[in-house]
Amino acid sequence: MTTKTQKAAATLPLNTILDGNCIEMMLSLPENSVDLIFADPPYNLQLKGELHRPDNSKVDAVDDAWDQFGSFAHYDRFTRDWLAAARRILKPDGAIWVIGSYHNVFRLGAELQNQGFWILNDVVWRKSNPMPNFRGKRLTNAHETLIWASKGEGAKYTFNYEALKALNEGVQMRSDWVLPICTGHERLKDANGDKAHPTQKPESLLHRVLLGTTNPGDVVLDPFFGTGTTGAVAKMLGREFIGIEREAAYREVAEKRIARVRKFDKNALEVTASKRAEPRVPFGQLVERGMLRPGEVLTSPRGQAAKVRADGTLIADDIKGSIHQVGAALEGAPSCNGWTYWNFRKEGKMISIDVLRQQIRSEMN
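Residues numbered from 1 in each chain as written. Predicted model: local features only at pLDDT ≥ 70, side-chain atom pairs only at ≥ 80, totals over all residues. Heavy atoms only, no water.

The protein chain is annotated in an unreviewed UniProt entry as Methyltransferase from Boseongicola aestuarii. The Sequence similarities (unreviewed entry) field of the UniProt record for the protein chain holds the comment "Belongs to the N(4)/N(6)-methyltransferase family." (UniProt positions renumbered as here; feature names shortened; annotations may be inferred.)

Now the structure itself:
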């Protein structure tokens with residue numbers, strides 16, 4: 001980390017909820033200082049009148065002042081300004097997540113692109129227990145959309161692919177997530193027993209976002225902090241957080257909530273790493289260390305043979321080259337992962353040479 005970045009990190013109000021306007025608060029923070037931004041901005045629902053269930057009981061809908069804007073133009077200006085402030089504090093290799101409903105997510109997506117963000121995915125959060133459509137005039141609104149974007153085309157960003165795959169029982173994580181909305185013990189209540197916040201997000205949603213796109217020690221900022229789901233999950237996962245919330249009632253709930261959270265221990269925070277992030281081991285190192293001997297025969301899945309040479313290359317008939325090149329030539333393929341292609345015989349059993357590479361990696365770690 002550069003000296004400039006260290007100074008910026010030292011001045012960040014880590015693990016704090018800032019009181020004030022999110023745009024002003026973000027402009028007060030150092031440039032290029034935040035690893036990830038998760039934003040759940042006002043939806044601008046434009047509700048007209050009260051909403052009631054069939055039994056005539058009132059629905060606790062989003063009718064707060066913070067969700068009301070005079071026009072689409074007003075909302076668009078607000079979106080432009082807070083996204084510009086967010087972009088300023090985001091590191092070059094940082095990323096942003098925004099979440100919205102059909103009322104606002106398309107306007108958010110357009111402004112993200114207008115400001116130079118590069119959209120990586122749109123994720124459909126399909127609610128397993130959505131609120132019904134009480135008026136019966138539209139489809140039940142059973143999902144929200146998240147947009148994940150890097151700071152620009154070609155910009156680096158964190159993506160813990162293997163960790164998300166492990167979270168999904170070894171299957172590649174898709175862009176449609178089936179998760180429940182807040183209910184029961186997770187739904188925070190105020191002193192009157194009412195919902196502390198009308199759009200509280202479930203911790204499962206933030207767990208997936210932070211596990212997949214941040215690392216322990218990263219700084220996560222939430223400019224619309226609400227009751228602190230982002231902060232609670234960040235603390236559990238060993239991330240630093242900065243929240244911004246102008247409503248005193250929400251800040252009070254969030255502070256008490258986060259104070260109760262226990263950070264996971266170091267071993268629990270470790271996740272499955274990408275193979276690309278593991279130390280590089282040249283095949284020749286196996287030969288140097290005597291794990292494979294010159295002249296030893298390696299076998300392909302189809303029974304083709306190649307001999308190990310003293311310099312860590314292979315020879316099969318008139319084909320010479322690396323473990324990858326010889327494997328590709330034998331298969332007539334443009335490329336080949338020699339580590340998973342070749343096997344050696346030990347005590348009558350065929351064993352992948354990748355076992356030897358992993359043995360060296362474990363020693364390096």
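Alright, that's what it looks like, and here's the rest.
S.K.: How would you explain the overall build of the protein chain if you had to name every residue and give the values?
M.R.: When you go through the protein chain residue by residue, the secondary structure sums to 13 helices and 14 strands. Here the protein chain, with 365 residues, has 44% of them falling under the buried criterion. On the protein chain, roughly 19600 Å² of surface is accessible, and the fraction owed to carbon and sulfur atoms is 49%. (Helix = DSSP H or I, 4+ residues; strand = E, 2+ residues; numbered from the N terminus. Buried < 20%, exposed > 50% of the residue type's maximum accessible area, 1.4 Å probe, protein only. Areas by Shrake-Rupley, 256 points an atom, 1.4 Å probe, with all protein chains shown as cover.)

S.K.: Outline helix α4 (residues 105-114), listing residues and values.
M.R.: For α4, the complete set of buried residues consists of Val105, Leu108, Gly109, Glu111 and Leu112. Relative to the axis of α4, the buried residues are bounded by an arc of 170° and lie together on one face. When the buried face of α4 is taken as reference, the exposed residues oriented beyond 90 degrees from it are Phe106, Gln113 and Asn114. Where the residues of α4 are buried, they touch α3 (72-89), β3 (90-100), β4 (118-127) and β5 (143-150). Count one or two residues on from α4 and you reach Gly116, which has phi positive near 95°. (Arc of directions from axis to C-beta. Contact = heavy atoms within 4.5 Å.)

S.K.: I'd like a rundown of the pairing of β5, residues and numbers included.
M.R.: Of all the eight residues making up β5, seven are buried; the element is thus mostly covered by neighbouring parts of the structure. Where β3 lies against β5, six bridges are found, and the strand directions are antiparallel. Counterpart to Val98 in the pairing with β5 is Ile147. Across eight bridges, β4 lies against β5 in antiparallel orientation. Looking at β5, one finds that Asp122 is bridged to Ile147. (Pairing = 2+ DSSP bridges.)

S.K.: Tell me about the packing of α3 against α4, residues and numbers included.
M.R.: Put simply, α3 and α4 touch, their axes get as near as 10 Å, and they point 45° apart. Classified by the angle between their axes, α3 and α4 sit oblique to one another. As for how α3 packs across α4, the hand of that crossing is right-handed. For the pair formed by α3 and α4, the contact residues are Phe72, Tyr75, Asp76, Thr79, Arg80, Trp82 and Leu83 on the first element and Arg107, Leu108, Glu111 and Leu112 on the second. (Axes fitted to C-alpha atoms, helices over the stretch in contact; angles between N-to-C directions. Parallel < 35°, antiparallel > 145°, perpendicular 65-115°, else oblique. Left-handed = near helix turned anticlockwise from the far one by under 90°.)

S.K.: Residues and numbers for the confidence of the model for the protein chain, please.
M.R.: Caution is warranted with low-pLDDT regions, since their predicted coordinates should not be read in detail. Scored by pLDDT, the protein chain comes out at a mean of 88, with 90% of its residues at no less than 70. Here residues 1-8 is modelled with pLDDT under 50, and outside its nearest four sequence neighbours on either side it reaches three contacts, counting other chains as well. Residue range residues 47-62 is modelled with pLDDT below 50. Its contacts to residues more than four positions away, or to other chains, number 27 contacts. (pLDDT = per-residue confidence, 0-100.)

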